[in-house]
Amino acid sequence: MAIYFLSMINTSEAKGYRPKEYQNFDDLRFVCDDDDPNAVVINIRPSLSDDELERAIITALKVKLAGECWWLSDKIKNELGLPKEQTTITARIGEADTIEVDVYNFGESLSDQHKAQIVNIIMTAARINNGEIIKKVKYIFIGKTDKQNELTGELTSGEATLRNNYQAIQIYPHGLRQDKHRTGLPSSFEATVAHEIGHVFGDKLLADWENEFGWKKVEQAVIAPGGRAIQKTTSQPCVSDYAAFDPAEDLSDSVAVYLLDPEVLKRIHPGKFKFLEAHLPILSEVVHVKSENKSGVDIKLPSIDNTVKYKVTRKKIM
Ligand SMILES: [Zn+2]
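What counts, and where the lines are drawn
- Residues numbered from 1 in each chain as written.
- Predicted model: local features only at pLDDT ≥ 70, side-chain atom pairs only at ≥ 80, totals over all residues.
- Helix = DSSP H or I, 4+ residues; strand = E, 2+ residues; numbered from the N terminus.
- Rg over C-alpha atoms; globule rule 2.2 N^0.38 Å.
- Buried ≥ 20, exposed ≤ 12 C-beta atoms within 10 Å, placed from the backbone.
- Contact = placed C-beta atoms within 7 Å.
- Pairing = 2+ DSSP bridges.
- Axes fitted to C-alpha atoms, helices over the stretch in contact; angles between N-to-C directions.
- Domains from an automatic or database assignment.
- Expected span 1.5 Å × (residues − 1).
- Arc of directions from axis to C-beta.

Along the backbone of the chain there are eight helices and eleven strands. Compactness check: the chain gives a C-alpha radius of gyration of 22 Å against a globular reference of 20 Å for 318 residues, within 12% of the reference. Taken along the three principal axes of its C-alpha coordinates, the chain extends 65 × 50 × 40 Å. Burial analysis of the chain (318 residues in total) assigns 31% to the buried set. Sequence separation of at least 24 residues holds for 68% of the intrachain contacts in the chain that already meet a minimum separation of 6.

Encoded structure:
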């Protein structure tokens, strides 16, 4: 049973009536500090003249920061817009670490059922390996525009790899459906969130998964209905037709069933259950969870300190 506790989310900053805006590069001040161990390290070509140097440093810093902080990336800001809703989920694992996941909704309002399902998955996933894995998911984006799945050619439900650098997964409007998921799980939405988290979990396990479950390289790639070249195939049964497209999808769909209905996976695919149980053990520790909803001007957007310290190395890049 989960015990609820009050998390210390500071809302005092969100009292103003200005529309929230993202932090941008004009807000930042770049300060060179060779002695600060936390300074951002950038590498500049040794051949640059002093005149070119300053501009090269600023450019390199911007590229690096936009690659790590999604709210500084113009591409992402233009694509997503400003969030309409924020749900902050706080979970404490045992007596030790606290994790926080921010759900930013850029599209239609989420129902209470959607929110409860997200909390349920975060809570389950936080119990794996003492929270080591869920720490890689800091943000869940609910997007406002659909896109095509490059395997099926139909609308896609979610995306993990695209947002990997930002420790984010994204769910598309098509993924909000509550109908039966392709794996047989009762809710497409809930299964999609679990599936995308599965991609984050799965990266390190993929080579072993391929070996264990007979995924082999095909001699000539087959083009999937959505246009992607399929490089691998398996003769072993999968939890869904979609899982049979690709080993990473097989692993992620299996993780979704493992998280949401482990008994079914154990019964129907005992080998896959055993593999996941060995690598992603769900520990029985109590996870304390709280979720807090904000909308409009109360939404808090992430930011970094306005003073960015950096140091420059001048190594030759081979
Ligand atoms: Zn996937």
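This part is about the sheet that holds strand β5 (residues 139–142). Reading across from one edge, β6-β7-β5-β4-β3-β10 is the order of the six strands in this open sheet, with mixed pairing throughout. Strands with a single pairing partner mark the edges of an open sheet, and in this sheet they are β6 (158–159) and β10 (287–295). Contacts between helix α3 (residues 112–126) and the sheet are confined to β3 (85–93), β4 (98–105), β5 and β10, with β3 contributing the most and set at about 30° to the helix. Helix-sheet contacts for helix α4 (residues 188–202) involve β6 and β7 (168–171), and the interaxial angle to β7 is about 150°.

Now for the domain arrangement of the chain. Domain boundaries in the chain define domain 1 (12–77 + 299–313) and domain 2 (83–295). Computed from C-alpha atoms alone, the centre-to-centre distance between domain 1 and domain 2 is 31 Å. Every contact between the two is made by five residues of domain 1 and, on the other side, seven residues of domain 2.

This paragraph deals with helix α6 (residues 247–260). In this model α6 runs 20 Å from its N-terminal to its C-terminal C-alpha over 14 residues, within 8% of the 20 Å that 1.5 Å per residue would give. Taking burial as the measure, the 14 residues of α6 include 14 buried ones, the bulk of the element.

Our focus in this paragraph is the sheet that holds strand β2 (residues 40–43). Overall, parallel pairing links the three strands, which are arranged β1-β11-β2 in an open sheet. Pairing within the sheet leaves two strands with one partner each, and these edge strands are β1 (29–32) and β2. When strand polarity is set aside, the average angle formed by the axes of neighbouring strands in this sheet is 40°. Inspection of the sheet shows β1 paired to strand β11 (residues 307–313) by four bridges, in the parallel sense.

A few words now on the environment of K274. Its location among the elements puts K274 in helix α8 (residues 270–279). Taking the C-alpha atoms as reference points, K274 and G153, 121 residues apart in sequence, are found 32 Å from one another.

Quick look at unusual backbone geometry now. Of note in the backbone geometry, Q167 takes a positive phi value of approximately 55° without being a glycine. Structurally, Q167 can be placed in the loop between β6 and β7. Residue classification places Q167 among the partly exposed positions, given that 15 C-beta atoms sit within 10 Å.

Its 15 residues give α3 an end-to-end C-alpha distance of 21 Å, which sits within 8% of 21 Å, the value for a rise of 1.5 Å per residue. Taken together, the buried positions of α3 are H114, Q117, I118, I121, I122, A125 and A126. One face of α3 carries all of its buried residues, which in axial projection span an arc of 165°. Seen from the open side of α3, the exposed residues pointing more than 90 degrees away from its buried face are D112, Q113 and A116. Contact partners of the buried residues in α3: β3, β4, β5, α4, α6 and β10.

With that settled, the discussion passes to the environment of G227. Secondary-structure assignment places G227 in the loop between β8 (216–223) and β9 (229–233). When the 11 C-beta atoms within 10 Å are taken as the criterion, G227 is described as exposed. C-alpha separation for the pair G227 and E150, spaced 77 residues apart in sequence, amounts to 5.5 Å.

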